[in-house]
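Descriptive structure summary
Given next are the chains, with one letter for each unit.
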Amino acid sequence: AQTVTQSQPEMSVQEAETVTLSCTYDTSESDYYLFWYKQPPSRQMILVIRQEAYKQQNATENRFSVNFQKAAKSFSLKISDSQLGDAAMYFCASLLTGGGNKLTFGTGTQLKVEL
Amino acid sequence: DVKVTQSSRYLVKRTGEKVFLECVQDMDHENMFWYRQDPGLGLRLIYFSYDVKMKEKGDIPEGYSVSREKKERFSLILESASTNQTSMYLCASSLGGWSMNTEAFFGQGTRLTVV
């Protein structure tokens with residue numbers, strides 16, 4: 001079984017500042033994938049960034065980057081130069097390569113962006 | 001663009017009714033999923049299907065069934081709706097197998113209220 005924990009139900013950030021959302025996971029598997037999804041008020045889930053467990057290098061997508069600490073089973077998301085459009089619910093998710101293609105999600109972090 | 005379309009954005013049903021939630025994807029994806037989203041609980045997997053007529057239980061299948069007669073369509077059935085099934089339901093699809101180039105695509109969700 002795999003579990004994903006997001007300990008911050010809500011976070012706030014000032015526009016143009018940087019914010020880090022936390023995620024920890026628990027699995028005994030050695031190969032897996034990790035994802036961050038964004039859900040704006042429209043409810044449409046959008047993939048933000050993904051990381052494969054065996055890759056040491058942290059993934060980056062424009063203003064979004066991750067800090068992947070495999071030994072600590074930590075997968076945090078950093079948003080730089082925050083914009084109003086970044087306001088959304090963010091979900092961390094994990095996938096085991098032999099796990100039947102199921103994504104396991106955390107409980108989400110609601111991010112507010114303030115002027 | 002991949003499209004995952006859920007038949008209704010909002011639905012109100014009475015206790016005891018049989019409820020069908022429909023999901024259609026247009027990218028020939030093998031895998032399809034039904035999740036339930038509740039505040040503070042994140043997304044929880046109800047059922048998934050990796051091929052036509054194939055299905056597997058997720059983490060919370062009780063009170064639900066599914067049907068996949070055609071590759072593009074995956075239906076979630078509430079045999080006898082109850083008030084504790086009031087929730088947001090999200091459908092997703094993905095290619096068969098997983099790699100760093102695949103991702104799950106989501107519909108816009110159906111907010112179901114059982115009265």
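Here, the structure is the one placed above.
A few points on the structure. In every chain, residue numbers begin from 1 and rise along the written sequence. Chain A is the first chain written and ligand 1 is the first ligand written, with later ones labelled in order. Local features in this predicted model are restricted to residues of pLDDT 70 or higher, and side-chain atom pairs are both shown and tallied only at a pLDDT of 80 or more, whereas totals for entire chains, interfaces and linings draw on every residue. Excluded from the side-chain calculations are hydrogens and water; all other atoms, namely the structure's heavy atoms, are used.

Here we look at the pairing of strand E9 (residues 87–94) of chain B
Residue and element names in this part refer to chain B. Counting buried residues in E9 gives eight out of eight residues, a clear majority hidden from the surface. Of the two faces of E9, the one carrying Ser-87, Tyr-89, Cys-91 and Ser-93 and the one carrying Met-88, Leu-90, Ala-92 and Ser-94 are both buried. Strand pairing is defined by DSSP finding a minimum of two bridges between the two strands. Per the convention used, a helix needs a DSSP run of H or I reaching at least four residues, while a strand needs a run of E reaching at least two, with both numbered from the N terminus. Both strand E4 (residues 31–38) and E9 contribute to a ladder of seven bridges, which runs antiparallel. Bridged to Tyr-35 within E9 is Leu-90. Here three bridges tie E9 to strand E11 (residues 110–114), and the two strands are oriented antiparallel to one another. Accessible area is worked out with a 1.4 Å probe on protein chains only. A residue is then buried under 20% of its type maximum, exposed over 50%, and partly exposed in between.

A few points about the interface of chain B and chain A
Here, two residues are considered to be in contact whenever any of their heavy atoms come within 4.5 Å of each other. Counting from both sides, the interface comprises 28 residues of chain B and, opposite them, 21 residues of chain A. Across the pair Arg-50 of chain A and Glu-103 of chain B runs a salt bridge whose closest N-O atoms are separated by 3.9 Å. As used in this structure description, the phrase polar contact means that two N or O atoms lie within 3.5 Å; if the pair is within protein, one of them must be able to donate a hydrogen and the other to accept it, and residues adjacent in sequence are counted only when both atoms belong to side chains. For the interface between chain B and chain A, the tally reads seven residue pairs in polar contact (both at pLDDT 80 or more). Put simply, Ala, Val, Leu, Ile, Met, Phe, Trp, Tyr, Cys and Pro go in the nonpolar bin, Asp, Glu, Lys and Arg in the charged bin, and everything else, Gly too, in the polar bin. Its residues assigned to classes, the side of chain B that touches chain A comprises 13 nonpolar, twelve polar and three charged. The salt bridge criterion pairs a side-chain nitrogen of Lys or Arg with a carboxyl oxygen of Asp or Glu, the two atoms within 4 Å.

Some details on the sheet that holds strand E1 (residues 4–6) of chain B
All names here are of chain B. Strand order in this open sheet of four strands is E1-E3-E8-E7, and the pairing throughout is antiparallel. The outermost strands of the open sheet, each flanked by one partner alone, are E1 and strand E7 (64–70). Sheet twist, expressed as the mean angle between neighbouring strand axes with direction ignored, is 20°. As paired elements, strand E3 (residues 19–25) and strand E8 (residues 73–78) share six bridges and run antiparallel to each other. Across the sheet, the residue bridging to Phe-20 is Ile-77, located in E8. The axes are straight lines fitted to the C-alpha atoms, using for helices just the contacting stretch, and the angles between their N-to-C directions are given from 0 to 180°.

Side note on the pattern of salt bridges
Residues and elements named next belong to chain B. Inspection of the entire model under this criterion finds ten salt bridges over all chains. Between Asp-38 and Arg-36 there is a salt bridge whose closest N-O contact spans 2.8 Å. Taking relative accessible area as the criterion, Arg-36 reaches 10% and is therefore assigned buried. Overlapping salt bridges, with partners in common, bring together Asp-28, Glu-30 and Lys-71 in one network.

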